[in-house]
Amino acid sequence: MAKVKMKSNRSAKKRFKITATGKIKRWKAGGAHYNTKKSKKRKRALRKPDLVHPSWEDKVKGMLKEF
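Since the model is a prediction, treat every value here as computed from it, not as a measurement.

Enquirer: Would you explain the sheet that holds strand 3 (residues 50–51) in this entry?
Expert: Through backbone hydrogen bonds, the strands of a sheet pair up, either in parallel or in antiparallel fashion. Spatially, 1-2-3 is the arrangement adopted by the three strands of the open sheet, whose pairing is antiparallel. Looking at the sheet topology across the chains shown, the edges are occupied by strand 1 (17–18) and strand 3. Pairing analysis gives two bridges linking strand 2 (residues 24–26) to strand 3, with the strands arranged antiparallel. In the strand pairing of strand 3, K25 is matched with L51.

So this is what it looks like as structure tokens:
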């Protein structure tokens, strides 16, 4: 009988990308609505992606099952 493969977390696959150096890129939360009260600087910063904190990298990589 064939071995069963582990499935990667589908929501994690949509939310995170692996960079060429192996770091994990994520998009910032909080920029979808209620934007009139937020400053231009804050909204501009929310548009840019960020890296996952090193303490969370192992957990995210476990969800992605690519490592």
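Enquirer: Please explain the packing of aromatic side chains as it appears in this structure.
Expert: Any aromatic ring pair is given by two values, namely how distant the centres are and how the planes are angled relative to each other. Under the criterion given, the structure shown has zero aromatic pairs. Lying across the ring of Y34, K37 places its NZ or CZ 5.6 Å from the centre. The aromatic ring of W56 is capped on one face by K59, whose charged end is 5.2 Å from the ring centroid.

Enquirer: Which parts of the structure should I look at to understand the pattern of salt bridges?
Expert: Opposite charge on two side chains lets them pair, provided their charged atoms get close. Under the counting rule described, the total for this entry stands at one salt bridge. Between D50 and R26 there is a salt bridge, with the nearest N and O atoms lying 3.2 Å from each other. Remark: R26 occurs in strand 2 and D50 occurs in strand 3; sequence separation between them is 24 residues. The exposure class assigned to D50 is partly exposed, which follows from its relative accessible area of 32%.

Enquirer: Got a minute to help me understand the environment of H53 in this structure?
Expert: By secondary structure assignment, the location of H53 is in the loop between strand 3 and helix 3 (54–64). When its relative accessible area of 53% is taken as the criterion, H53 is described as exposed. In this structure the C-alpha to C-alpha distance between H53 and R26, which are 27 residues apart in sequence, comes to 9.9 Å. At 2.9 Å, the side chain of H53 forms a polar contact with the side chain of S55.

About the thresholds
- Residues numbered from 1 in each chain as written.
- Predicted model: local features only at pLDDT ≥ 70, side-chain atom pairs only at ≥ 80, totals over all residues.
- Heavy atoms only, no water.
- Pairing = 2+ DSSP bridges.
- Helix = DSSP H or I, 4+ residues; strand = E, 2+ residues; numbered from the N terminus.
- Phe/Tyr/Trp six-rings, centres within 6.5 Å; stacked < 30°, edge-to-face > 60°.
- Lys NZ or Arg CZ within 6 Å of the ring centre and 35° of its normal.
- Salt bridge = Lys/Arg side-chain N within 4 Å of Asp/Glu carboxyl O.
- Buried < 20%, exposed > 50% of the residue type's maximum accessible area, 1.4 Å probe, protein only.
- Polar contact = N/O pair within 3.5 Å; in protein donor to acceptor, adjacent residues only side chain to side chain.

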